[in-house]
Amino acid sequence: MAMIPVAKPMLDEREVEAVRRVVLSGWVTQGPEVAAFESEFAAFVGAEHACAVSNCTTALHLALKAVGVGPGDEVVTVSHSFIATANAVRYCGAVPVFVDIEEGGFNIDPARIEAAITPRTMAILCVHQLGMPCDLETIVAIGKKHSIPVVEDAACASGSEILWQGNWEKIGKPHGDVACFSFHPRKLLTTGDGGMLTTANAEYDAKFRLWRQHGMSVTDAVRHGSKQVIFERYPELGYNYRMTDMQAAIGRIQLERLPELIAARRRLAELYRRGLETVPGVEPPSEPSWARTNWQSYCVRLIDDGLDQLEVMQRLLDRGVSTRRGIMNSHREPAYADASTHHVSGSLANSEAAQERCIILPLFAQMTEADVATVIDELREACRLSPRQRPVAAAE
Ligand SMILES: *Cc1c(COP(=O)(O)O)cnc(C)c1O
């Protein structure tokens, strides 16, 4: 039986050729390809500055550090996200303050942010979960009102768009103070591993460039190209968060592919939406009128209490359809068992329900219409066969 995987990166000879060119050039770590990828990515999202790093987790660390998050500070964010979101706050010695997501959606509920703000709040870290833009207009307004910077975890959102003051703009312009992207193979644009920070703030960008390369005052590329001997200095503590030139070369090809990848996914998502009308008890994800998602993941919700998530997923797997459960909740993991690691503001009921009641269906650009039809048929059948054991309602 042919398996339909949950995701699949789009890579071919073009990426191979790009890497080959870099390998044979003799310059393989952060250099001219990284610089070119940064300027092309900046142009694509409409950002003034883009700084490439090793992954989105390191991007989040640097973004939070740049906006001033330090030991003892608090950062308002979600528990309902990949664990790297909350972990990055802890790398700064700060405490993530978890607020719930919107009912029926997957993004932070802006109406719950202000209640979580205290005199120690140094940032709001919002996530464009599954590629779907969060309500930035409201979140950025709250940040401005309280003079708190906004960092966007845009890990999944390469190419997603938001209606901003009447114009469609790419996520990462950025609309907050800094946006952080991931190029892991589960996202649309992949470099194997990789990340990008975008900002309009030249000082932040200079910090990112310093910190990603050990805090070294001169880059390898500048020293290499200099006619004069240069002795570098290390003005502050830095890290090795560099992207390699081989990764950047792949990224440049992937960036060229991105619009067509998004168009393919939006077509497939529309097929899913229509197909799901024939699957009782399962609700498709919805896109607000002010957002255009890249559909990094297509996450459906079991709204019939009788349907068991694990059983539906197992039946799909048995029939050759790979799925994943809804997004995790950091506060439920052993790494967050110690109460000192985080605070919870209010209830996280929507976050927990999304984890327990949602299923991510296969979605990737190479999927065919027939694949989507197969997934829909198998899902319908799995739901029909998998009612949770429940007392039979008394006949009326
Ligand atoms: C994937 C992901 C990350 C981590 O990205 P890496 O590049 O793997 O470090 C962070 N946040 C969210 C929301 C993600 O989906």
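Source: prediction; values computed, not measured.

Conventions adopted
- Residues numbered from 1 in each chain as written.
- Predicted model: local features only at pLDDT ≥ 70, side-chain atom pairs only at ≥ 80, totals over all residues.
- Heavy atoms only, no water.
- Buried < 20%, exposed > 50% of the residue type's maximum accessible area, 1.4 Å probe, protein only.
- Helix = DSSP H or I, 4+ residues; strand = E, 2+ residues; numbered from the N terminus.
- Pairing = 2+ DSSP bridges.
- Contact = heavy atoms within 4.5 Å.
- Polar contact = N/O pair within 3.5 Å; in protein donor to acceptor, adjacent residues only side chain to side chain.
- Near = heavy atom within 4 Å.
- Axes fitted to C-alpha atoms, helices over the stretch in contact; angles between N-to-C directions.
- Parallel < 35°, antiparallel > 145°, perpendicular 65-115°, else oblique.
- Left-handed = near helix turned anticlockwise from the far one by under 90°.
- Nonpolar A, V, L, I, M, F, W, Y, C, P; charged D, E, K, R; others polar.

Concerning the pairing of strand S15 (residues 358-361)
- Side-chain alternation along S15 places Cys358 and Ile360 on one buried face and Ile359 and Leu361 on a second face that is also buried.
- With 2 bridges connecting them, strand S13 (residues 324-325) and S15 associate as antiparallel partners. Counted as the bridge partner of Arg325 is Ile359 from S15.

What to know about helix H6 (residues 202-211)
- Among all positions of H6, only Tyr204, Asp205, Phe208, Leu210 and Trp211 are buried.
- Each element contacted by the buried residues of H6 is listed here: strand S1 (49-53), helix H3 (56-66), strand S8 (178-182) and strand S9 (195-199).
- Capping of H6 at its N-terminal end is provided by Asn201; its side-chain oxygen lies 2.9 Å from the backbone amide nitrogen of Glu203.

Points about the site of the ligand
- Contacts to the ligand come from 14 residues, most closely from Cys56, Thr57, Asp153, Ser182 and Lys187.
- Asn55 places a polar side-chain atom, nitrogen or oxygen, 3.5 Å from an oxygen atom of the ligand.
- A distance of 2.5 Å separates an oxygen atom of the ligand from a polar side-chain atom of Thr57.
- Put simply, the parts of the chain that give the shell around the ligand at least two residues each are H3 and helix H4 (84-91).

Observations regarding the packing of helix H2 (residues 32-45) against helix H8 (residues 245-276)
- It is at 7 Å that the axes of H2 and H8 come closest, and there the two elements cross at 25°. By the criterion of interaxial angle, the relationship of H2 to H8 is roughly parallel. As H2 runs across H8, the sense of the crossing is left-handed. Between H2 and H8, the residues in contact are Pro32, Glu33, Val34, Ala36, Phe37, Glu40, Phe41 and Phe44 and Asp245, Ala248, Ala249, Gly251, Arg252, Leu255, Leu258 and Pro259, respectively.
- When grouped by side-chain class, the residues that make up the contact of H2 with H8 number 11 nonpolar, 1 polar and 4 charged.

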